[in-house]
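# Descriptive structure summary
Given next are the chains, with one letter for each unit.
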Amino acid sequence: MEIKADTTVCIGAGMCALTVPKVFDQSEDEGTVVLLQDDVPQELEDAVRRAVTLCPSGALSVS
Ligand code: SF4
């Protein structure tokens, strides 16, 4: 699973980093999402899908 994050859409709500801290972080300057890994290991796929659903801005997508 590959994940993409659009920082121009991200509003820095932080739900992704709270949900899957192994995959998502937030930039210290702007609070926008930072991908720690864009190729998601299988054991984290369900959690990443949940984070995509929880993101209030629609900044995250998976393929
Ligand atoms: S949950 Fe969405 S809006 Fe919030 S920091 Fe993550 S990508 Fe950005």
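Coordinates for the structure precede this section.
What comes next concerns the included structure. (Residues numbered from 1 in each chain as written. Predicted model: local features only at pLDDT ≥ 70, side-chain atom pairs only at ≥ 80, totals over all residues. Heavy atoms only, no water.)

### Digging into the side chain of Glu45
Put simply, the rule reads: Starting at the N terminus, helices and strands are each numbered in turn, a helix being any DSSP run of H or I of at least four residues and a strand any DSSP run of E of at least two. For each residue, the accessible area found with a 1.4 Å probe, counting protein chains only, is set against the maximum for its type, and the residue is called buried under 20%, exposed over 50%, and partly exposed in between. What makes two residues a contact is simply this: any of their non-hydrogen atoms within 4.5 Å.
For Glu45, the position within the fold is in helix H2 (residues 45–54). Taking the relative accessible area as the measure of exposure, Glu45 reaches 18% and is therefore buried. In contact with Glu45, other than residues within four places in its own chain, are Met1 and Val40.

### Quick word on the side chain of Thr32
Looking at the element boundaries, Thr32 is found in the loop between strand S2 (24–26) and strand S3 (33–35). Exposure remark for Thr32: the relative accessible area of 12% places this residue in the buried category. Each residue touching Thr32, except ones within four places of it in the same chain, is listed here: Thr7, Cys10, Asp25, Gln26 and Ser27.

### Section: the site of the ligand
Which entries qualify depends on this criterion: Proximity is defined per residue: if any heavy atom of the residue lies within 4 Å of a molecule or strand, that residue is considered near it. Here the nonpolar group is Ala, Val, Leu, Ile, Met, Phe, Trp, Tyr, Cys and Pro; Asp, Glu, Lys and Arg are the charged ones; every other residue, Gly included, is treated as polar.
Surveying the vicinity of the ligand reveals 13 residues, the closest of which are Cys10, Ala13, Gly14, Cys16 and Cys55. Looking at the shell around the ligand residue by residue, the classes come out as 10 nonpolar, three polar and no charged.

### Concerning a nonpolar patch on the surface
Just so we agree on the cut-off: In this analysis, a patch consists of residues with relative accessible area above 30% that form no salt bridge, clustered at 9 Å for like charges and at 5 Å for the nonpolar side chains Val, Leu, Ile, Met, Phe, Trp and Tyr. Accessible surface area values rest on a Shrake-Rupley calculation with a 1.4 Å probe, where residue burial reflects the displayed protein chains alone. Only one rule defines a salt bridge in this text: a Lys or Arg side-chain nitrogen within 4 Å of an Asp or Glu carboxyl oxygen.
Where nonpolar side chains cluster on the molecular surface, the patch consists of Met15, Leu18 and Leu54 and spans about 280 Å² of accessible area. Examined against the element boundaries, Leu18 turns out to sit in helix H1 (residues 15–19). The exposed category is assigned to Leu18, whose relative accessible area is 68%.

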